[in-house]
Amino acid sequence: MEFLCHHRDRPGSMPLRDELLEAHWSYMDRYTKEMIARGPTLADDGDTPTGSVHILDLPDAAAARAFAFDEPNYQAGVYRDVLLRRWRNLLGRTMWDFPGGRSGGERFLVLGFGAGEAVDLAVPAGQEELIAYGPLLSDDGAGWLGTAALVRAPDPDAARAVLTVDRYADVEVHNWQFGGRPS
């Protein structure tokens, strides 16, 4: 089962986040084989973290909850809240398989929160800049709750356009970058 986990930082938590960086990376090292994508969301300055995104393939919802809530930054109070949803990997690959590589261009997390009938259930045509893409699902995997994408785009508006925007209750676009230990 695939899950998307978006931890959102609490205001003023940057010193604590910095203090826990090695603990965070060590925790994530335990999930290397399960990881589909990972990385921080960033403020408009492109440098200040505002959260962390992790997309993983885990055995079940209990394992996903354990991943989200045992994470050192969560345990220490860095995060203000957590979005944890089932997700379906429509691209069938990890971010490391993205043909565009780890660098070059702006990258974004796009979250469309559903309203009404499901939309964007297939990979949009002509979207070679998609790093990860798939529906957000209910706990049982049967109900559509929205769509999440990691995308390389020239700007937030272009990133938002990967979704059928007028079919969602809300669409969030966050600056994002490939995560993991620096090489």
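Here's what I pulled together on the structure shown here. (Residues numbered from 1 in each chain as written. Predicted model: local features only at pLDDT ≥ 70, side-chain atom pairs only at ≥ 80, totals over all residues. Heavy atoms only, no water.)

## Details of the overall build of the protein
So, step 1. From N to C terminus, the protein includes 5 helices and 8 strands.
So, step 2. N-terminal to C-terminal, the α/β element order of the protein is β-α-α-β-β-α-α-β-β-β-β-α-β.
So, step 3. Its C-alpha radius of gyration of 15 Å places the protein within 12% of the 16 Å reference for a compact globule of 183 residues.
So, step 4. C-alpha extents for the protein along the principal axes are approximately 40 × 35 × 30 Å.
So, step 5. Taking all 183 residues of the protein together, the buried fraction comes to 46%.
So, step 6. Excluding contacts between residues fewer than 6 apart, the proportion of contacts in the protein whose partners are at least 24 apart in sequence is 74%.
So, step 7. For the protein, the accessible area works out to roughly 8,700 Å², and carbon and sulfur atoms hold 49% of it.
So, step 8. Side-chain charges of the protein comprise 18 positive and 28 negative groups, with the mean position of each set lying 3 Å from the other. (Helix = DSSP H or I, 4+ residues; strand = E, 2+ residues; numbered from the N terminus. Rg over C-alpha atoms; globule rule 2.2 N^0.38 Å. Buried < 20%, exposed > 50% of the residue type's maximum accessible area, 1.4 Å probe, protein only. Contact = heavy atoms within 4.5 Å. Areas by Shrake-Rupley, 256 points an atom, 1.4 Å probe, with all protein chains shown as cover. Lys, Arg positive; Asp, Glu negative; His and termini not counted. Charge placed at Lys NZ, Arg CZ, Asp CG, Glu CD.)

## Comments concerning the environment of arginine 65
So, step 1. You can see arginine 65 is positioned in helix α3 (residues 61-70).
So, step 2. Separated by 28 residues in the primary sequence, arginine 65 and arginine 93 place their C-alpha atoms 23 Å from one another.

## Brief notes about unusual backbone geometry
So, step 1. You will see that aspartate 120, though not glycine, has its phi angle at about 60°, which is positive.
So, step 2. By secondary structure assignment, the location of aspartate 120 is in the loop between β5 (106-114) and β6 (130-137).
So, step 3. The exposure class of aspartate 120 is buried, given its relative accessible area of 14%.

## Description of the side chain of asparagine 73
So, step 1. By the element assignment, asparagine 73 lies in helix α4 (residues 72-76).
So, step 2. Setting aside residues no more than four positions away along its own chain, asparagine 73 makes contact with Arg17, Leu20, His24, Val78 and Tyr79.

## Structural notes on the packing of aromatic side chains
So, step 1. Applying the stated criterion across every chain, the model contains 6 aromatic pairs.
So, step 2. Summarising the aromatic geometry, the rings of tyrosine 27 and tyrosine 31 are spaced 5.4 Å apart at their centres and angled 50° between planes, so their arrangement reads as tilted. By the burial criterion, tyrosine 27 is buried, and tyrosine 31 matches it.
So, step 3. Look at phenylalanine 69 and tyrosine 74: their rings are 5.0 Å apart centre to centre, the planes differ by 65°, and that puts the pair in the edge-to-face class. (Phe/Tyr/Trp six-rings, centres within 6.5 Å; stacked < 30°, edge-to-face > 60°.)

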